[in-house]
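Structural description and commentary
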Amino acid sequence: LYVDITTTNAVARFGRQAVSWGNGLIYTPMDFFNPFDPTAVDKEYKTGDDMVYGQYLRQNGDDLQAVWVIRRDANGEVSSDVDSIAAKYHGFAGEREYDVLVAQHFDDNVLGVGGITNVGGAVWRGDITLTDTDTDNVFSLVTSLTYSWIGWNRNISGILEYFYNGFGIDDGNYSPAALADNPDLVERVVRGELFTLGRHYIAASATIEITPLWLLTPNAFINLDDPSMLAQLVSAYDFKQDWHLLVALGIPVGAPGTEFGGIESGVPGKTFSTGLNLFAQLAWYF
């Protein structure tokens, strides 16, 4: 539920909304309100947050967005200690685009810059954020190249993305003691802002148009610090008018103790791991 007021160049909206910021296609350090898990298959619906949102569109195409995300604390009370206030300016410079972000998120101050440009026939995009926590200044970065081509007489679109998680652990030790020594990381995982424990990641994806109605997408999410990875194969098929079948197979690869192989639980011989997983969704639109 939300209420909004719109004019020719401005929007003001109050209520439950979904806002996605940043230029990361898989990992999104600038989208810290309610991001998708990088391995999520169904991204059609985003839960959103209760917020006040405003946008002002300039005549040259630039726009300014601002949000105030309202939350309840551990006692169930609406509190400014757990809210977020942020503003982002999106602009154009010739054929390039850029973003500038300023935010206060919980108790942290966040600055961010990002952009999109052409490199040959590819698109290069990325974001850098600086988070001022109570104990440290933490940098995070995402950068990617996307390119489309024709192979095997089929349209193919590929993504190669690198993510530097400044809050992550760089030695591959995800034991309960190591996580307890990194409360900034744990807080963000618990809040649903981060889904990664390590420091360096590579993600690769290619969407292959088998037919105009059937898209096949192999993905790989690689933790460079372990090393471990999650291999994923996604099939999206519009097999009939108004019917859509989405299927995904996920295969974690890694030794026990690694992120995708299963981190230590604190119980000897037991790890937290997902194992082989299969996702299937049949959707009917009406």
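That block above? That's the structure.
Below is a short write-up of the structure. Nothing here was measured: the structure is a model prediction, and the numbers come from that model. (Residues numbered from 1 in each chain as written. Predicted model: local features only at pLDDT ≥ 70, side-chain atom pairs only at ≥ 80, totals over all residues. Heavy atoms only, no water.)

This next bit is on the overall build of the protein chain. For the protein chain, the helix and strand inventory stands at two helices and 17 strands. Its C-alpha atoms give the protein chain a radius of gyration of 20 Å, near enough to 19 Å, the size a compact globule of 286 residues would have. For the protein chain, the C-alpha atoms occupy an extent of roughly 55 × 50 × 40 Å along the three principal directions. Within the protein chain, buried positions represent 40% of all 286 residues. Long-range contacts, defined as pairs at least 24 residues apart, comprise 45% of the intrachain contacts of the protein chain with a sequence gap of at least 6. Taken as a whole, the protein chain presents about 16,000 Å² of accessible surface, with 59% of it coming from carbon and sulfur. Seen as two clouds, the 16 positive and the 36 negative side-chain charges of the protein chain have centres 6 Å apart. (Helix = DSSP H or I, 4+ residues; strand = E, 2+ residues; numbered from the N terminus. Rg over C-alpha atoms; globule rule 2.2 N^0.38 Å. Buried < 20%, exposed > 50% of the residue type's maximum accessible area, 1.4 Å probe, protein only. Contact = heavy atoms within 4.5 Å. Areas by Shrake-Rupley, 256 points an atom, 1.4 Å probe, with all protein chains shown as cover. Lys, Arg positive; Asp, Glu negative; His and termini not counted. Charge placed at Lys NZ, Arg CZ, Asp CG, Glu CD.)

Here we take up the pairing of strand S10 (residues 154-164). With eleven bridges joining them, strand S9 (residues 137-151) and S10 adopt antiparallel strand pairing. Across the sheet, the residue bridging to Ser144 is Glu161, located in S10. Where S9 hands over to S10, the hairpin turn is made up of two residues, of which Trp152 adopts a positive phi near 55 degrees. As paired elements, S10 and strand S11 (residues 200-211) share nine bridges and run antiparallel to each other. If you follow Ile156 over to S11, its bridge partner there is Ile208. (Pairing = 2+ DSSP bridges.)

Every α-helix carries 3.6 residues per turn, so stepping three or four residues along brings you back to the same face. Those residues of helix H2 (residues 183-190) not exposed but buried are Asp184, Leu185 and Arg188. For H2, the angular spread of buried residues about the axis comes to 100 degrees, placing them on one side. Here the buried face of H2 lies against strand S7 (108-119), strand S8 (122-132) and helix H1 (176-180). (Arc of directions from axis to C-beta.)

Positionally, Asp31 belongs in the loop between strand S2 (10-17) and strand S3 (49-57). Overall, the relative accessible area of 4% leaves Asp31 in the buried class. Here the side chain of Asp31 touches Lys46 through a polar contact of 3.2 Å, side chain to side chain. Those residues in contact with Asp31 that sit more than four places away from it in its chain are Val19, Ser20, Trp21 and Lys46. (Polar contact = N/O pair within 3.5 Å; in protein donor to acceptor, adjacent residues only side chain to side chain.)

Before going further, it helps to spend a moment on unusual backbone geometry. Cis geometry marks the peptide bond from Asp226 to Pro227; its omega dihedral reads -5 degrees. Tracing the chain through its elements places Pro227 in the loop between strand S12 (214-223) and strand S13 (228-240). Of note in this structure, Trp152 is not a glycine but carries a positive phi near 55 degrees. Examined against the element boundaries, Trp152 turns out to sit in the loop between S9 and S10. Under the relative-accessibility criterion, Trp152 is labelled exposed at 71%. Positioned with a positive phi, Asp242 is a non-glycine residue whose angle comes to about 75 degrees. Using a relative accessible area of 38% as the deciding quantity, one classes Asp242 as partly exposed.

Quick look at the environment of Thr131 now. One can find Thr131 in strand S8. Excluding anything up to four places from it in sequence, Thr131 contacts Asp108, Asn109, Val110, Asp136, Asn137, Val138, Phe167 and Arg188.

On to the pattern of salt bridges, then. Applying the stated criterion to the full structure yields eight salt bridges. Here Asp31 and Lys46 are joined by a salt bridge, their closest N and O atoms 3.2 Å apart. Taken together, the residues span a long stretch of sequence, with Asp31 in the loop between S2 and S3 and Lys46 in the loop between S2 and S3 at a distance of 15 residues. Each member of the pair, Asp31 as well as Lys46, is classed as buried. Residues participating in the shared-partner salt-bridge network are Glu187, Arg191 and Glu193. (Salt bridge = Lys/Arg side-chain N within 4 Å of Asp/Glu carboxyl O.)

Looking now at a negative patch on the surface. On the surface, Asp81, Asp107, Asp132, Asp134 and Asp136 cluster together into a patch of negative charge. The partly exposed category is assigned to Asp136, whose relative accessible area is 47%. (Patch = residues over 30% accessible without salt bridge, like charges linked within 9 Å, V, L, I, M, F, W, Y side chains within 5 Å.)

We now examine empty space enclosed by the protein. All chains considered together, the criterion is met by two cavities of 30 Å³ or more. Computed from the structure, the largest cavity encloses a volume of approximately 280 Å³. Of all the elements in the fold, those that place two or more residues in the lining of the largest cavity are S7 and S8. Class assignment for the residues of the lining of the second largest cavity results in four nonpolar, three polar and two charged. (1 Å grid on protein atoms, 1.4 Å probe; cavity = no way out; pocket = protein on both sides within 12 Å on 5 of 7 lines; lining within 4 Å. Points joined across faces, edges and corners; volume = space filled by probe spheres on them. Nonpolar A, V, L, I, M, F, W, Y, C, P; charged D, E, K, R; others polar.)

Attention now goes to the packing of aromatic side chains. Taken as a whole and judged by the stated rule, the model has twelve aromatic pairs. Arranged with centres 4.9 Å apart and planes meeting at 10 degrees, the rings of Tyr27 and Phe163 form a pair that is stacked. Of the two residues, Tyr27 sits in the loop between S2 and S3 while Phe163 sits in strand S10, which places them 136 residues apart along the sequence. Looking at Phe163, the relative accessible area reads 3%, which means it is buried. (Phe/Tyr/Trp six-rings, centres within 6.5 Å; stacked < 30°, edge-to-face > 60°.)

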